[in-house]
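Chain by chain, the residues run as shown.
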Amino acid sequence: MENIFQLVRNVIPPLTAKKHKGQDGRIGIVGGCQEYTGAPYFAAISALKVGADLSHVFCTKDAATVIKSYSPELIVHPVLDSPDAVHEVEKWLPRLHSVVIGPGLGRDDVLLENAKGIIEKSKVKGIPIVIDADGLWLITQQPSLIQGYARAILTPNAMEFSRLYEAMLRDPVDSNDHHGCVLRLSQALGNLTIVQKGERDLISDGEKVLVCSHEGSSRRCGGQGDLLSGSLGVLAHWAFLAGPEKTNGQNPFLVAAFGACSLTRQCNNQAFQKFGRSMTASDMVLEIGAAFNKLFEN
Ligand SMILES: NC(=O)C1=CN([C@@H]2O[C@H](COP(=O)(O)OP(=O)(O)OC[C@H]3O[C@@H](n4cnc5c(N)ncnc54)[C@H](O)[C@@H]3O)[C@@H](O)[C@H]2O)[C@@H](O)CC1
Ligand SMILES: Nc1ncnc2c1ncn2[C@@H]1O[C@H](COP(=O)(O)OP(=O)(O)OP(=O)(O)O)[C@@H](O)[C@H]1O
Ligand SMILES: [Mg+2]
């Protein structure tokens, strides 16, 4: 693929005086439960720092106050464990440009069932869907839920990838053929976009494999994947909206995924330079603006 960084730059919407609030992105994060409040926060705040105008979190009742108290910037809906959770989220879908399903969702059966309903409603509306973390757990149990939906992007870490691969291909991952594995997994799921995170991120739509080996650091604190999935929620919307002339006819979700991976790794690199081993995901969030600027706006 031609200069992929340039394609990412092409899809970034210009900042102009003519826009109204919301035009540059209204993103929904589905996740956040009793155990995990950090993951949905990292995803949602990252979406805002990348440039979305509004970021909504749909989480359980007991996670909501906690997440709100991290940040006044986020809009938090305590609906995910309510009896009509799917309907409560569905009401917001017409106002959302993309959804990120899974950061901090947990594996409670009721919450997974509600996430399933939200995925189904989002598909009907044609909304780009990023699936991460426990959302991938759900897909591993029920792949047909997302199979063939071309506007889905899955962002597995090493463990999530091998679980999904074994469920779909009935074979263990071949550690000598990472490219082949990510291609085969995408194809088995109907050519949706897969981002296999790791030392090098492999991004595939079943036809191409892009490699992102942008320099990060050796610090692997939790929450970095959440920063990636939240950023990707925005970039997927921008790339999809930009149209084929801006991406030179390339799959917009490959372009978006490459952008989110390189951005996450650049944040890691910058935060590590400042804090070394004590660096955490919050330090990376504070680097998003400068990292984005360095990679995409110069
Ligand atoms: N502060 C928070 O609230 C955080 C919550 N998180 C949430 O925690 C839940 C579980 O996520 P996990 O990622 O632990 O999922 P899993 O429960 O599937 O665990 C994955 C396991 O794989 C291991 N692993 C990761 N990369 C590996 C590699 N390259 N080779 C071998 N092992 C590897 C990890 O150490 C982890 O033990 C999700 O809901 C997630 O969103 C995480 O996002 C981290 C931050
Ligand atoms: N060995 C590595 N070297 C460099 N970067 C890496 C390495 N492993 C992962 N990354 C980067 O870290 C980011 C998050 O990937 P990781 O595998 O940690 O996700 P995760 O386990 O889902 O994280 P989280 O704790 O948020 O759930 C990605 O941008 C990926 O490129
Ligand atoms: Mg993760």
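Thresholds, definitions, all that
- Residues numbered from 1 in each chain as written.
- Chains lettered and ligands numbered in written order.
- Predicted model: local features only at pLDDT ≥ 70, side-chain atom pairs only at ≥ 80, totals over all residues.
- Heavy atoms only, no water.
- UniProt positions renumbered as here; feature names shortened; annotations may be inferred.
- 1 Å grid on protein atoms, 1.4 Å probe; cavity = no way out; pocket = protein on both sides within 12 Å on 5 of 7 lines; lining within 4 Å.
- Helix = DSSP H or I, 4+ residues; strand = E, 2+ residues; numbered from the N terminus.
- Buried < 20%, exposed > 50% of the residue type's maximum accessible area, 1.4 Å probe, protein only.
- Polar contact = N/O pair within 3.5 Å; in protein donor to acceptor, adjacent residues only side chain to side chain.
- Near = heavy atom within 4 Å.
- Areas by Shrake-Rupley, 256 points an atom, 1.4 Å probe, with all protein chains shown as cover.
- Nonpolar A, V, L, I, M, F, W, Y, C, P; charged D, E, K, R; others polar.
- Pairing = 2+ DSSP bridges.
- Axes fitted to C-alpha atoms, helices over the stretch in contact; angles between N-to-C directions.
- Points joined across faces, edges and corners; volume = space filled by probe spheres on them.
- Phe/Tyr/Trp six-rings, centres within 6.5 Å; stacked < 30°, edge-to-face > 60°.

- Per an unreviewed UniProt entry, the chain goes by the name ATP-dependent (S)-NAD(P)H-hydrate dehydratase and belongs to Eublepharis macularius.
- Its UniProt record gives the chain the following Sequence similarities (unreviewed entry) comment, quoted word for word: "Belongs to the NnrD/CARKD family."
- Quoted verbatim from the Function (unreviewed entry) heading of the UniProt record, the comment on the chain is "Catalyzes the dehydration of the S-form of NAD(P)HX at the expense of ATP, which is converted to ADP. Together with NAD(P)HX epimerase, which catalyzes the epimerization of the S- and R-forms, the enzyme allows the repair of both epimers of NAD(P)HX, a damaged form of NAD(P)H that is a result of enzymatic or heat-dependent hydration."

Side note on the UniProt feature "binding site: (6S)-NADPHX" (unreviewed entry) in the chain
1) Next: Here, the residues flagged by UniProt with the feature "binding site: (6S)-NADPHX" (unreviewed entry) are Gly-104, Asn-157, Ala-158, Met-159, Glu-160, Phe-161, Ser-162, Arg-163 and Asp-226. Considering only the annotated residues already named, the ones lining the largest pocket are Gly-104, Asn-157, Met-159, Glu-160, Arg-163 and Asp-226.
2) Next: Assignment of secondary structure puts Met-159 in helix H7 (residues 158–169).
3) Next: Take Met-159: its relative accessible area is 53%, and that puts it in the exposed class.
4) Next: Of note, Ser-162 is situated in helix H7.
5) Next: Among the polar contacts listed, one links the side chain of Ser-162 to the backbone oxygen of Met-159, at a separation of 3.1 Å.

Some points on the site of ligand 1
1) Next: By nearness alone, 17 residues border ligand 1, and Ala-39, Gly-104, Asp-134, Arg-163 and Asp-226 come closest of all.
2) Next: At 3.2 Å, a backbone N or O of Gly-38 approaches an oxygen atom of ligand 1.
3) Next: A distance of 2.5 Å is found between an oxygen atom of ligand 1 and a side-chain nitrogen or oxygen belonging to Arg-163.
4) Next: If ligand 1 stood free it would expose 850 Å²; the protein chains cover 55% of that surface.
5) Next: Broken down by element, the residue count for the shell around ligand 1 peaks at 4 residues, all from H7.
6) Next: Of the residues in the shell around ligand 1, the class split is 7 nonpolar, 5 polar and 5 charged.

Description of the sheet that holds strand E6 (residues 152–154)
1) Next: Read from one edge of the open sheet, 9 strands run E3-E2-E1-E4-E5-E6-E7-E8-E9, paired in mixed fashion. Since the sheet does not close on itself, it has two edges, and those belong to strand E3 (75–78) and strand E9 (209–212), each with one partner. For this sheet, the mean inter-axis angle between neighbouring strands, taken without regard to orientation, is 15°.
2) Next: Examined bridge by bridge, strand E8 (residues 201–204) and E9 share 4 bridges and lie antiparallel to one another.

Considering the pairing of E8
1) Next: By the alternation rule, side chains of E8 split into Asp-201 and Ile-203 and Leu-202 and Ser-204, which are all buried.
2) Next: Note: strand E7 (residues 193–196) against E8, 3 bridges, orientation antiparallel. The residue of E8 that forms the bridge with Val-195 is Ile-203.
3) Next: Once E7 ends, the chain turns through 4 residues before running back antiparallel as E8.
4) Next: In sequence, E8 turns back onto E9 through a hairpin of 4 residues, with Gly-206 there showing a positive phi of about 85°.

Concerning the layout of surface pockets
1) Next: Of the pockets and cavities examined, the largest pocket occupies roughly 780 Å³.
2) Next: Counting only elements with at least two residues in the lining of the largest pocket, the list comes to helix H6 (133–141), H7, helix H9 (224–242) and helix H10 (252–275).
3) Next: Take the lining of the largest pocket: its biggest share by element is 4 residues, from H9.
4) Next: Along the lines of polarity and charge, the residues of the lining of the largest pocket split into 7 nonpolar, 12 polar and 12 charged.

Describing unusual backbone geometry
1) Next: Positioned with a positive phi, Asn-191 is a non-glycine residue whose angle comes to about 65°.
2) Next: Among the structural elements, Asn-191 can be located in the loop between helix H8 (178–188) and E7.
3) Next: Although it is not a glycine, Asn-248 sits at a positive phi angle of roughly 50°.
4) Next: By the secondary structure assignment, Asn-248 is in the loop between H9 and H10.
5) Next: Asn-248 sits in the partly exposed class, given a relative accessible area of 48%.

Regarding the packing of aromatic side chains
1) Next: Following the criterion strictly, the structure yields 8 aromatic pairs and no others.
2) Next: With a centroid separation of 5.2 Å and an interplanar angle of 85°, the aromatic rings of Phe-5 and Phe-258 are classed as edge-to-face. Here Phe-5, found in helix H1 (residues 4–11), pairs with Phe-258, found in helix H10; they are 253 residues apart in sequence, far enough to count as distant.
3) Next: Classification of Phe-5 as partly exposed rests on a relative accessible area of 21%.

A few points about the environment of Glu-245
1) Next: With respect to the helices and strands, Glu-245 occurs in the loop between H9 and H10.
2) Next: A relative accessible area of 59% means that Glu-245 is categorised as exposed.
3) Next: Between the C-alpha atom of Glu-245 and that of Phe-272, which follows or precedes it by 27 residues, the distance is 37 Å.

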